[in-house]
Amino acid sequence: MNAVATLQLLIALAFLSIPLVRSRYGSRAQAAVEAELGRQGVRTTVMAENGMRLDAGGHETWAPAGIAASLAVPAVLGIAGSSWDETLTWIVQPLVILVNCVNLYSNLTAVPSVTAAFAKSGDAELQRIDVTSMLRAAE
């Protein structure tokens with residue numbers, strides 16, 4: 001197996017770990033957030049009422065699984081000796097790097113982003129949340 005294919009498969013496995021970790025620890029993080037919301041005097045159900053969850057559902061599953069699949073395809077083609085592996089690698093790898101940059105930015109700006117989203121929601125309960133404390137509890 002060539003080195004590029006090996007690395008692509010390892011990175012794909014790393015992406016597949018995201019929904020697994022969320023599945024394993026999501027309910028614990030959700031309970032911690034609900035406890036923090038209760039401490040803040042906010043309805044503990046406000047997150048669920050607004051479609052926010054910390055488990056492995058929705059895009060938290062399909063996005064990393066899709067990225068893993070997009071990395072696995074050129075890796076498998078490379079292992080099989082197809083000439084398409086290089087072309088797909090040159091397409092997929094920059095996209096994966098770009099997505100990771102967006103994800104990193106999202107993580108670095110989580111507090112202002114979540115605060116702004118709560119402000120736009122029109123839900124007075126969401127707007128009262130101390131987002132920094134809530135995200136710290138989720139960690």
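Keep in mind that what you see is a predicted model, and the values were worked out from it rather than measured.

Participant: Would you explain the packing of helix H1 (residues 3-39) against helix H3 (residues 59-80) in this entry?
Facilitator: When two helices pack together, their arrangement is given by the angle between the helix axes and by the axis-to-axis distance. At a minimum axis separation of 8 Å, H1 and H3 run at an interaxial angle of 160°. By the angle between their axes, H1 is roughly antiparallel relative to H3. In this structure, H1 meets H3 at a crossing whose hand is left-handed. Contacts between H1 and H3 pair Ala5, Gln8, Leu9, Ile11, Ala12, Phe15, Leu16, Ile18, Pro19 and Arg22 from the former with Glu60, Thr61, Pro64, Ala65, Ile67, Ala68, Leu71, Ala72, Pro74, Ala75 and Ile79 from the latter.

Participant: Before we go on, may I ask you to explain the pattern of salt bridges in this structure?
Facilitator: Any two side chains of opposite charge can pair, given that their charged atoms come close. One pass over the structure, following the stated rule, counts five salt bridges. One salt bridge connects arginine 43 with glutamate 49, and the closest N-O pair in it is separated by 2.4 Å. Taking relative accessible area as the criterion, arginine 43 reaches 36% and is therefore assigned partly exposed. Given the relative accessible area of 47%, glutamate 49 is considered partly exposed. Glutamate 125 is the salt-bridge partner of arginine 128, the closest N and O atoms lying 3.1 Å from each other. What makes glutamate 125 buried here is its relative accessible area of 15%.

Participant: Explain the nonpolar core here, please?
Facilitator: General note: in soluble globular proteins, nonpolar side chains tend to be found buried as a group. Core analysis: the biggest nonpolar cluster contains ten residues, these being Val33, Leu37, Val42, Val46, Met47, Phe118, Leu126, Ile129, Val131 and Met134. Counting seven residues, the second largest nonpolar core, distinct from the first, contains Ile67, Ala68, Val92 and Val96.

The rules we used
- Residues numbered from 1 in each chain as written.
- Predicted model: local features only at pLDDT ≥ 70, side-chain atom pairs only at ≥ 80, totals over all residues.
- Heavy atoms only, no water.
- Axes fitted to C-alpha atoms, helices over the stretch in contact; angles between N-to-C directions.
- Helix = DSSP H or I, 4+ residues; strand = E, 2+ residues; numbered from the N terminus.
- Parallel < 35°, antiparallel > 145°, perpendicular 65-115°, else oblique.
- Left-handed = near helix turned anticlockwise from the far one by under 90°.
- Contact = heavy atoms within 4.5 Å.
- Salt bridge = Lys/Arg side-chain N within 4 Å of Asp/Glu carboxyl O.
- Buried < 20%, exposed > 50% of the residue type's maximum accessible area, 1.4 Å probe, protein only.
- Core = buried A, V, L, I, M, F, W, Y, C linked by side-chain atoms within 4.5 Å.

Don't take any of this as a statement about function, it's just geometry.
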